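Coordinate inspection notes
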Amino acid sequence: MERTKAFETVKKYILAQLPISEDRVVESAALIDDLGADSANLMMLVMDLEAEFNMTVDDEMIGTIRTVGDIVDYIEKKA
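Here is what the cut-offs are and how they apply
- Residues numbered from 1 in each chain as written.
- Predicted model: local features only at pLDDT ≥ 70, side-chain atom pairs only at ≥ 80, totals over all residues.
- Heavy atoms only, no water.
- Buried < 20%, exposed > 50% of the residue type's maximum accessible area, 1.4 Å probe, protein only.
- Helix = DSSP H or I, 4+ residues; strand = E, 2+ residues; numbered from the N terminus.
- Contact = heavy atoms within 4.5 Å.
- Axes fitted to C-alpha atoms, helices over the stretch in contact; angles between N-to-C directions.
- Parallel < 35°, antiparallel > 145°, perpendicular 65-115°, else oblique.
- Left-handed = near helix turned anticlockwise from the far one by under 90°.
- Nonpolar A, V, L, I, M, F, W, Y, C, P; charged D, E, K, R; others polar.
- Core = buried A, V, L, I, M, F, W, Y, C linked by side-chain atoms within 4.5 Å.
- Salt bridge = Lys/Arg side-chain N within 4 Å of Asp/Glu carboxyl O.

1. A closer look at helix α4 (residues 68-78)
Those residues of α4 lying buried are Val-68, Gly-69, Ile-71, Val-72, Tyr-74 and Ile-75. Residues of α4 that are buried make contact with α1 (3-17), α2 (39-53) and α3 (59-62).

Listed below in structure tokens is the structure:
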């Protein structure tokens with residue numbers, strides 16, 4: 001999958017989950033520390049992305065995802 005397309009899709013779902021401005025969603029942004037996500041937001045994001053990309057995110061991977069870029073990297077490898 002093209003990285004730009006993956007990023008834009010991830011960004012769309014992050015903006016649907018979190019009350020933040022679009023310009024804050026960059027690849028280096030930490031989901032919890034920079035964007036204010038909590039564990040419920042992260043689980044919803046994972047479920048949305050699994051449905052969008054028709055894939056399953058491994059449970060052990062969920063704990064290693066810290067930034068928007070981490071999600072995009074994972075999608076690039078799996079989708």
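2. Notes on the packing of α1 against α2
At a minimum axis separation of 10 Å, α1 and α2 run at an interaxial angle of 140°. Accordingly, the angle class assigned to the pair α1 and α2 is oblique. Every pair of crossing elements has a handedness; the one defined by α1 and α2 is right-handed. Contacts between α1 and α2 pair Ala-6, Thr-9, Val-10, Lys-12, Tyr-13, Ile-14 and Gln-17 from the former with Asn-41, Met-44, Leu-45, Asp-48, Leu-49, Glu-52 and Phe-53 from the latter. Grouping the constituent residues of the contact of α1 with α2 by class yields eight nonpolar, three polar and three charged.

3. With respect to the nonpolar core
Counting 25 residues, the largest nonpolar core has Ile-14, Leu-31 and Val-68 as the members making the most contacts within it. Counting only elements with at least two residues in this core, the list comes to α1, α2 and α4. Ignoring sequence-local partners within four residues, the contact set of Ile-14 consists of Ile-20, Val-25, Leu-31, Leu-35, Leu-45 and Val-68.

4. What to know about the environment of Asp-23
Its location among the elements puts Asp-23 in the loop between α1 and α2. Remark: the alpha-carbon pair of Asp-23 and Ile-65, spanning 42 residues in sequence, is separated by 20 Å.

5. What to know about the pattern of salt bridges
With the rule as written, the count across this model stands at five salt bridges. For Arg-3, the salt bridge goes to Asp-73, with nearest N and O atoms at 2.8 Å. Residue Arg-3 is located in helix α1, and its partner Asp-73 is located in helix α4; the two are separated by 70 residues in the primary sequence. In this structure, the salt-bridge partner of Glu-22 is Lys-11, at a minimum N-O distance of 3.3 Å. One end of the pair, Glu-22, is in the loop between α1 and α2; the other, Lys-11, is in helix α1, and eleven residues separate them in sequence.

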